[in-house]
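Below, each chain spelled out in residue letters.
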Amino acid sequence: MTARAGRRDTLPGFGLTMGLTLTWLSIIILIPLAGLFLKTFELSLAEFVGIVTSRRTLNALKISFGLAFAAALVNLVMGGIVVWALVRYRFPGRRLFDAIVDIPFALPTAVAGIALTSLFARNGWLGAPLAELGIKVAFTPLGIFMAMVFIGIPFVVRTVQPVLIDLDPEIEEAAASLGADRWQTIRRVILPSLVPALLTGFALAFARAVGEYGSVIFIAGNLPNVSEIAPLLIVIRLAEFRYADATAIAVVMLVAAFLVILVVNRLQHWAQTRIPVH
Amino acid sequence: MSESAIQFYPERATARSEPWLARAIIIGLTMLFLTVFVVLPLAIVFVQAFSHGAGAYFAALTEPESLSAIRLTLAVAAISVGLNLMFGLIAAWAIAKFEFRGKSVLVTLIDLPFSVSPVIAGLVFVLLFGAQGTLGPWLQRHDIQILFAVPGIALATTFVTFPFVSRALIPLMQEQGTLEEEAALSLGASGLQTFFRVTLPNIKWGVLYGVLLCNARAMGEFGAVSVVSGHIRGETNTMPLLVEILYNEYQFVAAFAVASLLALLALVTLVAKTVLERHLDQGRQTRDD
C-alpha cells in the first residue's frame, strides 16, 4: 500500500494515523488470519485433501453451504417482498415492522438460538401445529434452515431499501405512459435496476448463514452427517485437540468467504458504473 | 405535446401502484413473515423468562453465576469498544480525509471480520495462543494467561467488532470533506486541536452510532467467545455463554431470564439507533442546504 497523499499539504497526521491503522489492523486481524493459513502449510496436500474430503467434513460443508444457499434464496424472495411493502405501501404498523427488520442483527445469536428452538420444538407455539401436520422442525436440517432464514432477514431488505427509495418515479411513469402494464414495468424497468442490490443482499445473507454458529446449534440437533454444521465441526475438532482438522475446515470456509467478498465488490462496482437511475 | 401530457395525467396516480389484491398479498406476506421470524422469537424469550413468575425471574438474575457473567460481559465490552473506538477514529481520519492508492483494499480488509465465521475468529487466537499454538510455549514460560481468560475473550470480541466504528465514521467524514479543518489550521490551530474542536463535534452522532452497534455486538458475541473462553463457571462465562450452559442443563427459566437481558439490550440498541439515524439525517440535510 503506497501511501501517496493527494492533498498532502492540507491536513496533518496522515503518516501517523495510517501507520497506526495498519499496525492495529495487522495485530488484530491480518496476523491471526495469516497464522491460520500458515498452520495449514504444516499439512501435506494429501493430508489436507484427506481431511476436507472425509465423509463427516464433506457432509458438514454440504449442510452449511447447501442450507445457507436455500435460506439466502428465501431471503432474496421474501426480502424483496418485505422491502417493497415497506417502501411503497402505507399500512398499520409499517414503521414498527421496518424497525424490527434489524432484530436479527441486534439480537445475540445465543438468544436467537434458544428462542427459535423453543418456538419450533414439538410443544412450541409453532412446533406443535407443525407437528400435527407431520412436520418436524427443531433438531432436524429444517431447523438449521429456519435459523439461517432468521439470521439473513436484514441483508436483502437493507441493501435494496435505499436503492428502491431513490428510484426515479419518472422512469416508471414513462414505461406506463408508453403502454407497459404494471407487471411489465416491474419486470423490465424496476427489477433490473434493483438486481445489483438484490444480489448483494443475497450474497451477504449467504455468507452470514454459512458461518453462523450461535443461532443454529441449539435448533440443529447436531447429528454428525445429518444436522452438523461446519462451524460446529470446527469446535468439536478443537475440543478433541485435532487442530489440523479444525484448521483445514476453517480454511475452506475462509476461502469461500473471500470469494463472496470478491463477488460483492464486483456487484458494487457494477451498480456504480451502470447508467445511473436518477 | 401538452395535450398528450394531460391525456396521460390520470394514469400517473396509478402508474406506480399495483392492483389492490396484489398489494394486500404483499403486505400480508410481509406481516406474516416478520411476525413468524422476528416478533414470535422475541416474544417467546420474555414469555419463557417470566413463565414461573417475576420471583423466579429475579432470583435467576441475582444468582452469583449470573452476576459474574454480567460483570464479565460489561468488562469485555468496555475493553473491546474502547479499543475499537480509538482505532475507528484513527482509521477514519486516515481513510476519509486523505486520498491514497489502495484505499478500497484497506477498507475491505477492515470489513473482513464481518465475513469471517465467529468460530474462525476464535480459532485463530487458539492457534496463536493455545498450548500447541505459535506463541503458546513462550506464554507458558512467562506465565501469561491469554486463552481461557479475560484477555482472550476481549481479543476475540475485538476481532468480531473491529469494523463497526470506522464503518460508521468513514462515509460521514468523507461527506464532510476537509474545508472546516483547513480553515481551523489556517487560523493557527494545531492538528490535535483541529481534530478535537472541529472534526469530533461534527461526527459526534456518528461516533455514538458506531459505539452503539459495536457495544451490542460485543455484549452479545457467542461463537468467537465460546471458542476462547474455556467455559470456566463463574470466571470466564459471559452472558451469552451462560445462556447456553443454563439451557443445556434444562434450567429454562434461568436461561431465558439471562437471555431476556440481552434481548432488552438489543431492543434498546434498536431504539437508540433509530434516534441517532434521525440526527445523522438532519446533519446531512443541513450540510446539503
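(A) Spatial organisation of the packing of helix H1 (residues 14-40) of chain A against helix H13 (residues 243-273) of chain A. All names here are of chain A. Running from amino to carboxyl end, H1 crosses H13 at an angle of 120°, the nearest separation of the two axes being 9 Å. The angle between H1 and H13 falls in the class oblique. As H1 packs across H13, the resulting crossing turns out to be left-handed. Taking contact as the criterion, the partners of Leu33, Leu36, Phe37, Lys39 and Thr40 in H1 are, on H13, Tyr243, Thr247, Ala248, Ala250, Val251, Leu254, Val255 and Phe258. Of the residues in the contact of H1 with H13, the class split is ten nonpolar, two polar and one charged.

(B) Examining empty space enclosed by the protein more closely. One pass over the full model with this rule turns up two cavities of 30 Å³ or more. For the largest cavity, the calculated volume is near 100 Å³. For the lining of the largest cavity, the elements supplying multiple residues, two or more each, are helix H10 (182-211) and H13 of chain A. Broken down by element, the residue count for the lining of the largest cavity peaks at five residues, all from H13 of chain A. Looking at the lining of the largest cavity residue by residue, the classes come out as eleven nonpolar, three polar and no charged. Looking at the second largest cavity, its volume works out to about 30 Å³. Counting only elements with at least two residues in the lining of the second largest cavity, the list comes to helix H4 (64-97) and helix H12 (204-220) of chain B. A per-class count over the lining of the second largest cavity returns five nonpolar, three polar and one charged.

(C) Focus on the packing of aromatic side chains. Under the definition given, this model contains 25 aromatic pairs over all chains. With a centroid separation of 5.8 Å and 20° between ring planes, the pair formed by Tyr213 of chain A and Phe222 of chain B is classed as stacked. Placement of Tyr213 of chain A in the loop between H10 and helix H11 (214-220) and of Phe222 of chain B in the loop between H12 and helix H13 (223-229) is noted, with the two residues assigned to different chains. We classify Tyr213 of chain A as buried; its relative accessible area is 3%. Exposure remark for Phe222 of chain B: the relative accessible area of 0% places this residue in the buried category. With 5.1 Å between their ring centres and 45° between their planes, Phe33 of chain B and Phe37 of chain B make a pair best called tilted. Of the two residues, Phe33 of chain B and Phe37 of chain B both sit in helix H2 (residues 20-49), four residues apart, roughly one turn of that helix. As far as the burial class goes, Phe33 of chain B and Phe37 of chain B line up, both buried. Here a set of aromatic residues connected by ring pairs shows up, and it is made of Tyr213 and Phe218 of chain A together with Phe222, Tyr247, Tyr250, Phe252 and Phe256 of chain B. One Lys or Arg, Arg88 of chain A, reaches over the ring of Trp84 of chain A and ends 4.8 Å from the middle of that ring.

(D) Structural context of the environment of Gly50 of chain A. Checked against the element boundaries, Gly50 of chain A lands in helix H2 (residues 45-52). C-alpha of Gly50 of chain A to C-alpha of Asp245 of chain A: the two residues are 195 residues apart in sequence and 9.6 Å apart in space.

(E) Broad picture of the packing of H4 of chain B against helix H8 (residues 150-160) of chain B. All names here are of chain B. Remark: H4 packs on H8, axes separated minimally by 9 Å, with the N-to-C direction vectors making an angle of 50°. It follows that H4 is oblique to H8 by the angle criterion. Here the hand of the crossing between H4 and H8 comes out right-handed. When H4 is examined against H8, the residues Leu72, Val76, Ile79, Ser80, Leu83 and Asn84 are found in contact with a partner set consisting of Val150, Ile153, Ala154, Thr157 and Thr158. When grouped by side-chain class, the residues that make up the contact of H4 with H8 number seven nonpolar, four polar and no charged.

(F) Local environment of the side chain of Ser117 of chain B. Mapping Ser117 of chain B onto the fold places it in the loop between helix H5 (103-111) and helix H6 (118-129). A polar side-chain atom of Ser117 of chain B sits 2.7 Å from the main-chain carbonyl oxygen of Gly211 of chain A. Setting aside residues up to four positions removed in sequence, Ser117 of chain B forms contacts with Gly211, Pro231 and Met253 of chain A.

(G) Layout of the interface of chain B and chain A. On the chain A side, the residues contacting the 88 residues of chain B number 89 residues. Between chain B and chain A lies a buried interface of about 8300 Å² when both sides are counted; carbon and sulfur atoms form 79% of it. In this structure, the connection of chain B to chain A is made through two salt bridges. Linking chain B with chain A are six residue pairs in polar contact (both at pLDDT 80 or more). A per-element tally of the side of chain B that touches chain A places H2 of chain B first, with 21 residues. Taken together, the residues of the side of chain B that touches chain A sort by class into 59 nonpolar, 16 polar and 13 charged.

(H) Examining the pattern of salt bridges more closely. Taken as a whole and judged by the stated rule, the model has 22 salt bridges over all chains. Its salt-bridge partner being Arg182 of chain A, residue Glu172 of chain A comes within 3.3 Å of it at the nearest N-O pair. Taken together, the residues span a long stretch of sequence, with Glu172 of chain A in helix H9 (residues 169-177) and Arg182 of chain A in helix H10 at a distance of ten residues. Comparing Glu172 of chain A with Arg182 of chain A, the two get one shared label, buried. One salt bridge in this structure joins Asp245 of chain A and Arg242 of chain A, with 3.0 Å as the shortest N-O distance. Judged by its relative accessible area of 14%, Asp245 of chain A falls in the buried class. On the basis of relative accessibility, which here comes to 38%, the residue Arg242 of chain A falls in the partly exposed class. Through salt bridges with shared partners, one network takes in Asp98, Asp102 and Arg158 of chain A together with Lys273 and Glu277 of chain B.

Analysis parameters
- Counting restarts for each chain, with residues numbered from 1 along the sequence as it is written.
- As they are written, the chains are lettered A onward and the ligands numbered 1 onward, keeping that order.
- Local features are withheld for residues below a pLDDT of 70 in this predicted model, meaning they are given only at 70 or higher, and side-chain atom pairs are given and counted only at 80 or more; totals for whole chains, interfaces and linings count all residues.
- With hydrogens and water set aside, each side-chain value is computed from the structure's full complement of heavy atoms.
- Note on geometry: axes are C-alpha line fits, over the in-contact stretch for helices, and angles between N-to-C directions span 0 to 180 degrees.
- Under the DSSP-based scheme used, a helix requires at least four consecutive residues in state H or I and a strand at least two consecutive residues in state E, with every element numbered from the N terminus.
- Throughout this description, any angle smaller than 35 degrees is read as roughly parallel, any larger than 145 degrees as roughly antiparallel, any in the 65 to 115 degree range as roughly perpendicular, and the remainder as oblique.
- Each helix crossing is assigned a hand: it is left-handed if the near helix lies turned anticlockwise from the far helix by less than a right angle, otherwise right-handed if that turn is clockwise.
- The contact rule is simple, with two residues in contact once any of their heavy atoms fall within 4.5 Å.
- All amino acids are sorted into three groups, where Ala, Val, Leu, Ile, Met, Phe, Trp, Tyr, Cys and Pro are nonpolar, Asp, Glu, Lys and Arg are charged, and the leftover types, Gly among them, are polar.
- Here a cavity is any set of points on a 1 Å grid over the protein atoms alone where a 1.4 Å probe fits but cannot get out, and a pocket is any open set with protein on both sides within 12 Å along at least 5 of 7 lines; a residue lines the site when it has an atom within 4 Å of a point.
- Grid points are joined across faces, edges and corners, and a volume is the space filled by probe spheres set on the points.
- Classification of ring pairs uses Phe, Tyr and Trp, with its six-membered ring standing for Trp, and accepts pairs whose centres are within 6.5 Å; under 30 degrees between planes counts as stacked, over 60 as edge-to-face, and the remaining range as tilted.
- Each residue's exposure class comes from its accessible area (1.4 Å probe, protein chains only) as a fraction of the maximum for that residue type: buried when under 20%, exposed when over 50%, partly exposed otherwise.
- Sitting over a ring, as applied to charges here, requires NZ of Lys or CZ of Arg to be within 6 Å of the ring centre and within 35 degrees of the ring normal.
- For this analysis, a polar contact is any N or O atom pair within 3.5 Å, provided that within protein one partner can donate a hydrogen and the other can accept it, and provided that sequence-adjacent residues contribute only side-chain to side-chain pairs.
- Here's the idea: put two parts together, see how much 1.4 Å probe accessible area each one loses, and the total over both is what we call buried area.
- Whenever Lys or Arg places a side-chain nitrogen within 4 Å of a carboxyl oxygen from Asp or Glu, that contact is recorded as a salt bridge.

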